Amino acid sequence: MDDKYSSNVISGGKLGRVEVPNARLTRYIVLLLLTKMLKALGIFESYDLLKVVHIVQFVFILKLGCAVILLFFQKPFSTGKMVAKRQWIKILKHAVISSIISLLGFFGLTLCGPLRTLLLFEHSDVVVISLLSVLFTSSGGGPSKTRGAAFFIIAVICLLLFDNDDLMAKMAEHPEGHHDSALTHALYTGIAFLGVADHKSKVESWSGLIMPFVMIIFSVMILDFYVESICTAKLEAPRSARYGSIFLFLSGLLLANFWTHPLTDQLRAMSKPGQQASTEHVLSGGVLVSACFFILSDSILSSPSKKGQKGTLVGYSPEGIPLYNLMGDALQHSSQSLPRFIKDSLKQILEEYDSRQIFYFLCLNLAFTFVELFYGVWTNSLGLISDGFHMLFDCSALVLGLFAALMTRWKATRIYSYGYGRVEILSGFINGLFLMVIAFFVFVESISRLIDPPNINTVMLAPVSVGGLIVNLVGICAFSHAHSHGASKGSCSGHEHGHSHGGHGHSHGHGHSHSPGGRGMNANMRGVFLHVLADTLGSVGVIISTVLISQFGWLIADPICSLFIATLIFLSVIPLLKDACEVLLLRIPPEHEKDLNFALEKVQKIEGVLSYRDPHFWRHSANVVAGTVHLQIMSDVVEQRVIQQVTAVLKDAGVNNLTVQVEKEAYFQHMSGLSTGFHEVLAMTQQMESMKYYKDGTCIM
Amino acid sequence: MVAVDVINFQDSDTPLHRKKQETDTYVLWSGPPWTLTEQGTIHPFRKTHKSFLGKFVQEFNLVASDRRSWKILLFGVMNVICTACLLMWCNSTNSMALTAYTYLTIFDLFSLITCLMSSWVTMKKPSQLFSFGFERFEVLAVFASTVLVQLGALFILKESVERFVEQPEVHTGRLLVGTFVALFFNLLTLLSVKNKPFVYVSEAASTSWLQEHVADLSRSLCGIVPALSSFLLPRMNPFVLINLAGAFALGITYMLIEINNYNAVDTASAVAIALMTFGTMYPMSVYSGKVLLQTTPSHVIGQLDKLLREVSTLDGVLEVRNEHFWTVGFGSLAGSVHVRIRRDANEQMVLAHVTNRLHTLVSTLTVQIFKDDWTRPSLVSGVLPAATLSASDYGGASGFLPPASSKQAEELDPLTSTPTKPSSPPPEFAFNTPGKNIQPVVLPSTHQHRPYNLGGGLGVGAGLGMGARLPSVQGYRTSFSAAPHRYGSNLLPSQTSQYRP
């Protein structure tokens, strides 16, 4: 028994998954190979047949023959369960859809030839399902499936771009085979096949076509169906799908190579017409590469997924087995539907002033960009198109700002315990870096142009830059309004603050209004504003340099303008970066620094307070200033009263998220008792000693 | 007795030392506080600004005085030369892919700067303005450099889209040379300079998709050739990986352009390199960005929850709220928590126990004890009598015990500050560590005034305890303010080791 098990593992070549050894399954694999070869042959033949028979007739005959044979073999009405009424409707739906699919498939066959149809159309359902799950769901099943999907896409792209068998020319060659007409006619003739004869099929004798039709029906439909079901039962679905697609593609490649060869002419039933076809749909490098990629991707995508749920390691069981928590994964998947999500986030965006401004401006910008792009494509002007992409690039900063403004209002979670307010500072920082990068690139570009000024075509430049200027000016108006709005809001809140806390608050409110310009706005909005400002400067620079070039022919005006603009952007970003850095580095907020020092002095004068240590104050986000402080108080003072007083004093200084640790001497004694390590005990003892030392010192003095 | 002498001697020495250190930092930092901040926050972006130039040179000299940073500076200079060469070649070959690859070299320059900064950070003590210390500069530098490279990759993407519209000719003359020069320099820099922050981040952050794919491929490769498993299976260094992958893409580009004159391949491989850059840098910037956003690191949440659950079941604790835990630099946790306790519970005792529990994980901890209705007269009936202070005997006792018997000392009740009787109920948390299984017994409010005199009752080292009984206010103030970071800094092994007999 052990022997058998181990031999299984080893002969399978794979640890973990046990597969049935290939030796026992050889006959099924050979059967599959033969079937797939016959199928490929049938498809090649049906391509030839489709040149003489109209596609609808072809599909009808195919389905009819198939139905008759299967009816004869399977006996669906006489054996098995009765088909219920509801099932009939389902069967009808299935029939309609499958006939449409096969119609489309054979239509594609007429357009792009048998080999390419095989490559694109004949994938098993396992492959298609896993491809779709990779593309459209978050849990695709590991990196290998993603790789398979990437290969699939690359293969399709190869077929589309690098294959010199171009489809457009073929479309033009077949004037009767247009997509639309074929579809409408398919519906039309599907109903009344016999009566309609305006489709001239170029058939001389239907009798000569009986053999090929029988051959196609047998190989493409019947044999494939039975062998596939047997192999799926014996080999398991993924394996048979993998082997099947590989065999099919390989035999397709082989046949495509020899199809026009005289050797295969005996095989071809329809050798009379279409001799000119020997030049169309031949093998090319692109097809070979894409066939390789298709085979790879099929073998990857059809391999059974070793999908394990992602869990977080919780700990170890007493036996030493790792325990995982799968909750996080389950929670992630409980997302609502896409339209609902869009609706909700739109509502959230429009609720707040900041995000509404950004959103409107983003829409305006995008509209301008797309108008520019379409016009560029229309007039085939490269300058316009590249400027449109540049605008899209700039829009990414706006999207970032919008997202940050949206995130800022999310509720605090376990991980973001202070709330998401800090996101907007980080976004401001990133936007600042973005502007730095832009300034840098503009700088480098203008220096290289300064050395070698290129000839600039100024025809298209002026209207575009004027349009951009107008859009950006609108943005500046909107955001500077937001700026003043924000500032006034800030001072308002300062005053309110002052009222609630007595006389001290008044000076505090003043401090707010006297704070340097730009502070009133949050970092995120400042970043967005600077971005828009930089764009405006760019438009102005382009307009000026256009005027200079077209009037005076100073080609050097353009790089000088860009140099100037780059410097301006650079200088304007520095304050934003500095402020954002200060917040991110947990510096004491500069606008509260004096207040805080004053407040700490006051704290020390509170009755019973001996000293304080570890004062940490930092700005967490636009409206949260957090702080922690440790106080040492005399043993006979009530802690809660001290906490209340200290909180009040520091609240006046602007700290609104405070934690005060009040320590008496007893605390240190407890700590020294609790700390079990020898070194810690020693350290604690030493503290006590030092305390005594000082006490002695002061006593002596 | 000898031990006592030694301790006394050390005691007279250390506070002075500590005080001196503090004045030093005062001179260094608090004197020109704002200039210092400017210098710190500006980070590598504008070294040329005039008013900070002097400060910058001063800090630079500080870093350069260390011999280890010379190597980094040497590599930096080499990197700048190499980057300049590569940029010239990019211009002459007109290749987008080589430009994208050159940005990786520029990223190496950033990482060298980060490395310098991390050695600068280790020399700095926390100042008044940056009370948490300067470790966050490291985090910010890592974040900024990863974000900058990603922005560069975004720029590459934009340029590539423009190039897809109109593909210019690419000259392959210097393409391969440039690739190998860049690869060589990048690998040399990566493997020879020990870059602490980036190594930490690349190990702590989640894997990039590039790493995942390589791991998946190498796992299946190891199924065929098991001998490679020691080489392929461990987690790949993401920087080495992206350098190799970029060089590979450039090699393919060179071949295809040489053989088939497919110029579009250059753009495609530029897009591929840019996407790989995104994939590699994104997890790192997410990790460092989360540190900057003051979030609780998800890997400690389990431990923290366990500790907080323990805390909430301590006797007298009603609830734990407003818990904020976050990382200061890479690694060290800071946090604050509010604990609501029963009205009759002893605040200092609960504080000590909570601190003791959380201190193992959170190094910079602040605990605020909160009581409802504390103004009610039954509690504040009067000033606590001085007898409470006799508990100070604990400290004296442990000091007098010879070090060899410290194990024994732990088993004594007075040391654990918990007046547990032998017949007391079993502790709630037994961790098999003596001294930690404390059941704080809170006496009823009628006995509130003399909770801790049990230790004094044992009479160990009572002489010293008497001394600390009624300290003058003045003495307390000086002693406390002279040792602001006493609790943390005294636990350093370097400082405590000198007291070993």
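Residues numbered from 1 in each chain as written. Chains lettered and ligands numbered in written order. Predicted model: local features only at pLDDT ≥ 70, side-chain atom pairs only at ≥ 80, totals over all residues. Heavy atoms only, no water.

A look at the UniProt feature "domain: Cation efflux protein transmembrane" (unreviewed entry) in chain B
Taking the numbering used here, the UniProt-annotated feature "domain: Cation efflux protein transmembrane" (unreviewed entry) corresponds to residues 73-293 of chain B. What you have in residues 73-293 of chain B is 81% helix and 0% strand, and the ends, taken at the C-alpha atoms, are 31 Å apart. (UniProt positions renumbered as here; feature names shortened; annotations may be inferred. Helix = DSSP H or I, 4+ residues; strand = E, 2+ residues; numbered from the N terminus.)

Comments concerning the environment of Pro168(B)
All names here are of chain B. You can see Pro168 is positioned in the loop between α6 (135-165) and α7 (175-192). Take Pro168: its relative accessible area is 25%, and that puts it in the partly exposed class. Counting along the chain gives 74 residues from Pro168 to Asn94, while the straight-line C-alpha distance between them is 8.0 Å. Ignoring sequence-local partners within four residues, the contact set of Pro168 consists of Asn94, Arg163 and Asn263. (Buried < 20%, exposed > 50% of the residue type's maximum accessible area, 1.4 Å probe, protein only. Contact = heavy atoms within 4.5 Å.)

A few points about the pairing of strand β3 (residues 609-621) of chain A
All names here are of chain A. With 11 of 13 residues buried, β3 lies mostly within the body of the structure. Sheet topology places β3 next to strand β4 (residues 624-633); 9 bridges connect them, and they run antiparallel. For Arg619, the partnering residue across the bridge sits in β4 and is Val625. Remark: 2 residues form the turn of the hairpin made by β3 and β4, two consecutive strands paired antiparallel. (Pairing = 2+ DSSP bridges.)

Things to note about a nonpolar patch on the surface
Together, Val128(A), Leu132(A), Leu135(A), Phe136(A), Ile153(A), Ile157(A), Leu160(A), Leu161(A), Phe162(A) and Tyr262(B) line one region of the surface with nonpolar side chains, adding up to about 960 Å² of accessible area. Going through the elements one at a time, α5 (125-136) and α6 (142-161) of chain A are the ones with two or more residues in the nonpolar patch. Looking at the element boundaries, Leu135(A) is found in helix α5. (Patch = residues over 30% accessible without salt bridge, like charges linked within 9 Å, V, L, I, M, F, W, Y side chains within 5 Å. Areas by Shrake-Rupley, 256 points an atom, 1.4 Å probe, with all protein chains shown as cover. Salt bridge = Lys/Arg side-chain N within 4 Å of Asp/Glu carboxyl O.)

With respect to the sheet that holds β3(A)
Residue and element names in this part refer to chain A. The sheet built from 3 strands is open, its strands ordered β3-β4-β5 with mixed pairing. Every other strand in the sheet has two partners, leaving β3 and β5 (657-663) as the edge strands with one partner each. Pairwise comparison of adjacent strand axes, ignoring direction, gives a mean angle of 10 degrees for this sheet. (Axes fitted to C-alpha atoms, helices over the stretch in contact; angles between N-to-C directions.)

Description of helix α11 (residues 238-260) of chain B
What sets the pattern is the α-helix's 3.6 residues per turn: residues three or four places apart point alike. The first and last C-alpha atoms of α11(B) sit 32 Å apart over 23 residues, in line with the 33 Å expected at 1.5 Å per residue. The first or second residue beyond α11(B) is Asn261(B), which carries a positive phi of 60 degrees. (Expected span 1.5 Å × (residues − 1).)

Notes on the UniProt feature "transmembrane region" (unreviewed entry) in chain B
Residues and elements named next belong to chain B. Per the UniProt record, "transmembrane region" (unreviewed entry) is found at residues 72-89, 101-122, 134-155, 175-193, 239-257 and 264-284. Between the C-alpha atoms that bound residues 72-89 the distance is 25 Å, and the span itself is 100% helix and 0% strand. When the span residues 264-284 is considered, its composition is 100% helix and 0% strand, and the gap between its end C-alpha atoms is 31 Å.

Some words on the sheet that holds strand β2 (residues 333-341) of chain B
Residue and element names in this part refer to chain B. Pairing is mixed in the open sheet, where 3 strands are placed in the order β1-β2-β3. Strand pairing shows two members of the sheet lacking a second neighbour, β1 (317-327) and β3 (364-371), which therefore form its edges. Ignoring which end each strand starts from, the neighbouring axes of this sheet average 15 degrees apart.

Structural notes on the confidence of the model for chain A
Reading fine detail from the predicted coordinates is not recommended where pLDDT is low. Residue and element names in this part refer to chain A. The share of residues in chain A with pLDDT of 70 or more is 73%, and the mean pLDDT across the chain is 75. Of the regions scoring below 50 in pLDDT, residues 166-200 engages in 28 contacts with residues more than four places distant in sequence or in other chains. A low-confidence stretch, residues 692-701 (pLDDT under 50), is modelled with 14 contacts involving residues beyond four sequence positions or located in other chains. (pLDDT = per-residue confidence, 0-100.)

Here we look at the pairing of β1(B)
Residues and elements named next belong to chain B. Pairing between β1 and β2: 8 bridges, direction antiparallel. Bridge pairing in β2 links Arg321 to His338. The antiparallel hairpin formed by β1 and β2 contains 5 residues in its connecting segment, where Gly331 sits at a positive phi of about 120 degrees.

Description of α7(B)
All names here are of chain B. The end-to-end C-alpha distance of α7 is 26 Å, a good match for the 26 Å that 18 residues give at a rise of 1.5 Å each. Residues of α7 that are buried include every one of Leu175, Gly178, Thr179, Ala182, Leu183, Asn186, Leu187, Thr189 and Leu190, and no others. An end-on view of α7 places all buried positions within 165 degrees of arc, on one side of the element. Of the residues in α7, the exposed ones pointing more than 90 degrees away from the buried face are Phe180, Phe184 and Leu191. The secondary structure elements touched by the buried residues of α7 are α4 (68-93), α5 (96-123) and α11. (Arc of directions from axis to C-beta.)

So, the pattern of salt bridges
For the structure on display, the rule yields 30 salt bridges over all chains. Here Glu310(B) makes a salt bridge to Arg357(B), at a shortest N to O gap of 3.7 Å. Taken as a pair, Glu310(B) in helix α13 (residues 301-312) and Arg357(B) in helix α14 (residues 347-359) lie far apart in primary sequence, 47 residues in all. Residues joined in a network through salt bridges with shared partners are Lys36(A), Lys39(A), Glu122(A), Asp224(A) and Glu228(A).

Overview of the packing of helix α4 (residues 85-121) of chain A against helix α10 (residues 237-258) of chain A
Residue and element names in this part refer to chain A. Viewed as axis vectors pointing N to C, α4 and α10 meet at an angle of 170 degrees, and their least axial separation amounts to 9 Å. When the axis of α4 is compared with that of α10, the two are roughly antiparallel. Of the residues in α10, those touching α4 at Leu115, Leu118 and Leu119 are Leu248, Phe249, Gly252, Leu253 and Ala256. Considered class by class, the residues forming the contact of α4 with α10 number 7 nonpolar, 1 polar and no charged. (Parallel < 35°, antiparallel > 145°, perpendicular 65-115°, else oblique. Nonpolar A, V, L, I, M, F, W, Y, C, P; charged D, E, K, R; others polar.)

Side note on the packing of aromatic side chains
In total, this model carries 37 aromatic pairs over all chains according to the counting rule given. Ring geometry for Tyr243(A) versus Phe247(A): centroids 6.1 Å apart, planes at 15 degrees, classification stacked. Here Phe247(A) and Tyr243(A) lie together in helix α10, a separation of 4 residues that amounts to about one turn. Looking at Phe247(A), the relative accessible area reads 15%, which means it is buried. Seen from their ring centres, Phe130(B) and Phe134(B) are 5.3 Å apart, and the 40 degrees between their planes marks the pair as tilted. Each of the two residues, Phe130(B) as well as Phe134(B), counts as buried. The ring of Phe393(A) carries Lys158(B) above its face, with NZ or CZ at 5.1 Å from the centroid. (Phe/Tyr/Trp six-rings, centres within 6.5 Å; stacked < 30°, edge-to-face > 60°. Lys NZ or Arg CZ within 6 Å of the ring centre and 35° of its normal.)

Remarks on the packing of helix α19 (residues 523-552) of chain A against helix α20 (residues 557-584) of chain A
Residue and element names in this part refer to chain A. Viewed as axis vectors pointing N to C, α19 and α20 meet at an angle of 170 degrees, and their least axial separation amounts to 9 Å. As summarised for this structure, α19 and α20 are arranged roughly antiparallel, according to the angle between their axes. Of the residues in α20, those touching α19 at Ala523, Arg526, Gly527, Leu530, Ala534, Leu537, Gly538, Gly541, Ile544, Ser545, Leu548 and Ile549 are Ala557, Asp558, Cys561, Ile565, Leu568, Ile569, Ser572, Val573, Pro575, Leu576 and Asp579.

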